[in-house]
Amino acid sequence: ANCLVSMYEPATLGASLQINGENSRFAPDFVGTCLAAIWENYGGLRTTWDVFFVDPEYRPNPKDYFPNEQLLQMTLNKK
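The following paragraphs examine the structure supplied in this document. (Residues numbered from 1 in each chain as written. Predicted model: local features only at pLDDT ≥ 70, side-chain atom pairs only at ≥ 80, totals over all residues. Heavy atoms only, no water.)

## Description of the nonpolar core
Side chains of a nonpolar character, in soluble globular proteins, are inclined to be buried together.
Okay, step 1: Of all hydrophobic cores here, the largest spans five residues; its members are V5, M7, V31, L72 and M74.
Okay, step 2: Sorting the residues of this core by element identifies β1 (2–8) and β3 (69–78) as the ones contributing at least two each. (Core = buried A, V, L, I, M, F, W, Y, C linked by side-chain atoms within 4.5 Å. Buried < 20%, exposed > 50% of the residue type's maximum accessible area, 1.4 Å probe, protein only. Helix = DSSP H or I, 4+ residues; strand = E, 2+ residues; numbered from the N terminus.)

What follows is the structure in structure tokens.
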């Protein structure tokens, strides 16, 4: 099953954008890891997720990018 989790203006948004731009494997995300741990412990589900950044306003210049939402697309699989 797929699950979408939206976080509006999270405290870690700026750090996530910078680290994602540097192609680092580290992510300052606690929501995804907490949800994955809960689903694994109580539901027997294995979880993987991807992070997307959403800018609510269209801007013609792609360098003018000011997202205020972090979107987690989580995939849940039975163990």
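## Some thoughts on the environment of L76
Okay, step 1: In this structure, L76 sits in strand β3.
Okay, step 2: On the accessibility criterion, L76 (15% relative accessible area) is buried.
Okay, step 3: The contact partners of L76, leaving out residues within four places of it in the chain, are A1, W39, L45, R46 and T47. (Contact = heavy atoms within 4.5 Å.)

## Some thoughts on the side chain of D55
Okay, step 1: The topology assignment puts D55 in the loop between β2 (45–54) and β3.
Okay, step 2: Note on D55: relative accessible area 16%, which makes it buried.
Okay, step 3: Side chain to side chain, D55 and R59 meet in a polar contact 2.7 Å long.
Okay, step 4: Within the structure, the side chain of D55 is placed 3.1 Å from the backbone nitrogen of F66, a separation counted as a polar contact. (Polar contact = N/O pair within 3.5 Å; in protein donor to acceptor, adjacent residues only side chain to side chain.)

## What about helix α1 (residues 13–21)?
Okay, step 1: Along α1, the residues that are buried comprise L13, S16 and I19. Take α1 and look down its axis: the buried residues cluster within an arc of 135°, on one side only. Turned more than 90 degrees from where α1 packs its buried face, Q18 and G21 sit exposed.
Okay, step 2: Just downstream of α1, N23 is the residue with a positive phi angle, here 55°. (Arc of directions from axis to C-beta.)

## Examining helix α2 (residues 31–43)
Okay, step 1: Its 13 residues give α2 an end-to-end C-alpha distance of 17 Å, which sits within 8% of 18 Å, the value for a rise of 1.5 Å per residue.
Okay, step 2: Within α2, the full set of buried residues consists of V31, G32 and A36. Mapping the buried residues of α2 onto a view down its axis gives an arc of 130°, with all of them on the same face. Residues of α2 that are exposed and point over 90 degrees away from its buried face: N41 and Y42.
Okay, step 3: Where α2 is buried, its residues meet β1, β2 and β3. (Expected span 1.5 Å × (residues − 1).)

## Some remarks on the sheet that holds β3
Okay, step 1: Read from one edge of the open sheet, three strands run β1-β3-β2, paired in antiparallel fashion. Each end of this open sheet is capped by a strand with a single partner; those strands are β1 and β2. When strand polarity is set aside, the average angle formed by the axes of neighbouring strands in this sheet is 20°.
Okay, step 2: For β2 and β3, the ladder comprises ten bridges, and the chain directions are antiparallel. Looking at β3, one finds that V51 is bridged to L72.
Okay, step 3: Running over the sheet, α2 touches β1, β2 and β3 and is turned about 160° from β2. (Pairing = 2+ DSSP bridges. Axes fitted to C-alpha atoms, helices over the stretch in contact; angles between N-to-C directions.)

Purely spatial values, then, with no claim about function.
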